[in-house]
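# An overview of the molecular structure
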Amino acid sequence: FGRLGGPVFRADVKGDVAGLAVAGTMSDKLQARVQQLGISDYRNEANPVVFWDLWGKLGHPVRTTVSEMGSTLLGRILELNETQGGVLDILFKLADDRGLLLLDLEDLRALLGLIADERKDISTSYGLVSVQSIGAIQRALLRLEQEGADQFFGEPALELSDLMRTTTDGRGVVNILAADQLILKPKLYSSFLLWLLSELFENLPEVGDLDKPKLVFVFDEAHLLFDDAPPALQQRIEQVVRLIRSKGVGVYFCSQFPDDVPDEILGQMGNRFQHALRAFTPRDQKAVKTAAETFVANPNLDVAKTIGQLGVGEALVSTLQDKGIPMPVEKTLIAPPRCRMGAITETERAQVRTGSPVGMKYDTRIDRESAAELLVKKAETKAEQAQAPQAKTRAQDEANDDGNGFGDAIKDAVFGTSRRQGMIETMAKQTARTVGSQMGRQILRGILGGIFGGKR
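Quick caveat, the model's predicted, so the values are computed rather than measured.

### Overview of the sheet that holds strand S2 (residues 49–53)
The parallel open sheet is built from six strands, whose spatial order is S3-S2-S4-S1-S5-S6. Edge positions in the sheet fall to strand S3 (60–61) and strand S6 (249–253), since each of these pairs with one other strand and no more. Note that strand S5 (residues 215–219) and S6 share five bridges and pair parallel. Each residue of the ladder has a partner; that of Phe219, found in S6, is Phe253. Packing of helix H7 (residues 186–203) onto the sheet brings it into contact with strand S1 (8–12), strand S4 (174–178), S5 and S6, and relative to S5 it is tilted by some 160°.

### Some thoughts on the side chain of Asn47
Take Asn47: it is sitting in the loop between helix H1 (28–37) and S2. The class for Asn47 is buried, based on a relative accessible area of 17%.

### Overview of the packing of aromatic side chains
Evaluated as defined, the whole model comprises twelve aromatic pairs. Measuring from centroid to centroid gives 5.7 Å for Phe192 and Trp195, while their planes differ by 35°, and the two rings are tilted. In this pair, Phe192 and Trp195 are both assigned in helix H7, three residues apart and thus about one turn of the helix distant. Side by side, Phe192 and Trp195 carry an identical accessibility label, which is buried. Through a chain of ring-to-ring contacts, the aromatic side chains of Phe9, Tyr189, Phe217, Phe219, Phe226 and Phe253 assemble into a single cluster. When the ring centre of Phe201 is taken as origin, the NZ or CZ atom of Lys247, which lies over that ring, is 4.7 Å away. A cation sits over an aromatic face here: Arg349 above Phe51, 4.5 Å from the ring centre.

### Here's the deal with unusual backbone geometry
The peptide bond linking Glu155 to Pro156 adopts the cis configuration, its omega dihedral lying at 5°. Looking at the element boundaries, Pro156 is found in the loop between helix H6 (131–146) and S4. For Glu79, which is not glycine, the phi torsion reads 60° and is therefore positive. Its place among the elements puts Glu79 in the loop between helix H2 (66–77) and helix H3 (82–97). A relative accessible area of 56% means that Glu79 is categorised as exposed. Residues other than glycine seldom take positive phi values, yet Glu221 does so here, at roughly 50°. Secondary-structure assignment places Glu221 in the loop between S5 and helix H8 (223–226). With relative accessibility at 15%, the residue Glu221 sits in the buried group.

### As for a negative patch on the surface
Where like charges cluster on the molecular surface, the negative patch consists of Glu79, Glu147, Asp227 and Asp228. Structurally, Glu147 can be placed in the loop between H6 and S4. We classify Glu147 as partly exposed; its relative accessible area is 39%.

### A look at the nonpolar core
Residues Phe9, Trp52, Tyr189, Phe217 and Phe253 are the most contacted members of the largest nonpolar core, which totals 83 residues. Residue contributions to this core peak at ten residues, all from H7. Discounting residues that sit within four places of it in the chain, Phe9 has contacts with Trp52, Leu163, Asn175, Leu177, Phe192, Leu193, Leu196, Leu215, Val216, Phe217 and Val218.

### Some details on H7
Taking 1.5 Å of rise per residue, the 18 residues of H7 would be expected to cover 26 Å, and the 26 Å separating its terminal C-alpha atoms lies within 8% of that figure. Among the 18 residues that make up H7, 14 are buried, leaving the element largely enclosed by the rest of the structure.

### Let's talk about the sheet that holds strand S7 (residues 272–274)
What the three strands build is an open sheet, ordered S7-S8-S9; its pairing is antiparallel. For this open sheet the edge positions go to S7 and strand S9 (330–333), each flanked by a neighbour on one side alone. In this sheet, adjacent strand axes meet at a mean angle of 35° when their direction is disregarded. Judged from the four bridges that link them, strand S8 (residues 314–318) and S9 form a sheet pairing that is antiparallel.

### Overview of the confidence of the model for the protein chain
Scored by pLDDT, the protein chain comes out at a mean of 84, with 85% of its residues at no less than 70. In the model, residues 439–456 has pLDDT below 50 throughout and makes four contacts with residues more than four positions away in sequence or in other chains.

Conventions used here
- Residues numbered from 1 in each chain as written.
- Predicted model: local features only at pLDDT ≥ 70, side-chain atom pairs only at ≥ 80, totals over all residues.
- Heavy atoms only, no water.
- Pairing = 2+ DSSP bridges.
- Helix = DSSP H or I, 4+ residues; strand = E, 2+ residues; numbered from the N terminus.
- Contact = heavy atoms within 4.5 Å.
- Axes fitted to C-alpha atoms, helices over the stretch in contact; angles between N-to-C directions.
- Buried < 20%, exposed > 50% of the residue type's maximum accessible area, 1.4 Å probe, protein only.
- Phe/Tyr/Trp six-rings, centres within 6.5 Å; stacked < 30°, edge-to-face > 60°.
- Lys NZ or Arg CZ within 6 Å of the ring centre and 35° of its normal.
- Patch = residues over 30% accessible without salt bridge, like charges linked within 9 Å, V, L, I, M, F, W, Y side chains within 5 Å.
- Areas by Shrake-Rupley, 256 points an atom, 1.4 Å probe, with all protein chains shown as cover.
- Salt bridge = Lys/Arg side-chain N within 4 Å of Asp/Glu carboxyl O.
- Lys, Arg positive; Asp, Glu negative; His and termini not counted.
- Charge placed at Lys NZ, Arg CZ, Asp CG, Glu CD.
- Core = buried A, V, L, I, M, F, W, Y, C linked by side-chain atoms within 4.5 Å.
- Expected span 1.5 Å × (residues − 1).
- pLDDT = per-residue confidence, 0-100.

Here is the structure:
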């Protein structure tokens, strides 16, 4: 596709697809295949390649914003149940209503905190929100962040036009997503590729049935896309696959077994390439039978028998011909690759990245003001407003103390305050106690003198 001028995007699950970026080496087997097929212009050469990586280690970082991902796919990545997914829907709606940008996971956490603080009011306006659901989403976000997926959300977000580049000599650029680690997180892997497919579907204009596609999208390990997918999501996939060809995008699903792909989607696939399947187990035998039934029958070819006898570089092929009519299945040979068949070194990868046309655009992360920052500012403003009256009272007291400090101190010492006695009050109480004591002693002596015969 690249040599014909069609840009390609595909995942590199095993690490060997990266060899497209490096010229191959001629061998006896390759030379024999070239001669057998009669290829006159064969030569070993590299392809124009751009490497991508969700974590930015083996390629340019691939990012999108939380808003662009949407609540449905994000809920699938977080593995939320229906109730928790409903809370996530409320979160996105609340962000829209309040004009808050959801760019990264920090924004998502900030919105969850807001919902927790205003849970009663939000439940009344948007629907019931439980503390348990909020906690479940927060824990799922924590797991996602620990897996490093927080690097995927942010800016600059991927622009689709950068996946549809061609070189000056008219060759299509092959975009390779490093997925050797990503494949260990099947939900994240499949959700990312489904998001990318949906973005192409929603943003590209209708162009009809082109002779040459704008982009060829290759989905490796396709069964991961459909494993545990809820009915609504699978229906969405079917819709995208059915209609995206009119946007100029060709989609290819790669899988170990034909029955990994649902029949509704398998029926949309006009071009089919089947390599060898060995029928060692009942599952293998069923897969061979399924594969044979998906092809347009050829009376001169026993498809089920041939599938088990295919060798290296051989395949059963059926493609759409003129007017969209699929041709009967044929056994054929695959043209030998011109690039390397295998992994590349770190030095070779670094050289390719250095010459990339998009490195300056995506390698540096941007963090602009969004929901998290706005909510922090709002909380700080609210706290300052709450403290303003108290600060004003303290300032007035301090001003009064500065102006009449010495006089007030003398007045308090002489006349006292509500908490402390003044000098006058203290002297008065002492005098009263003294007078009272003297009069008491005088009365007592008079009474005792009268009783015991005293003179007084």
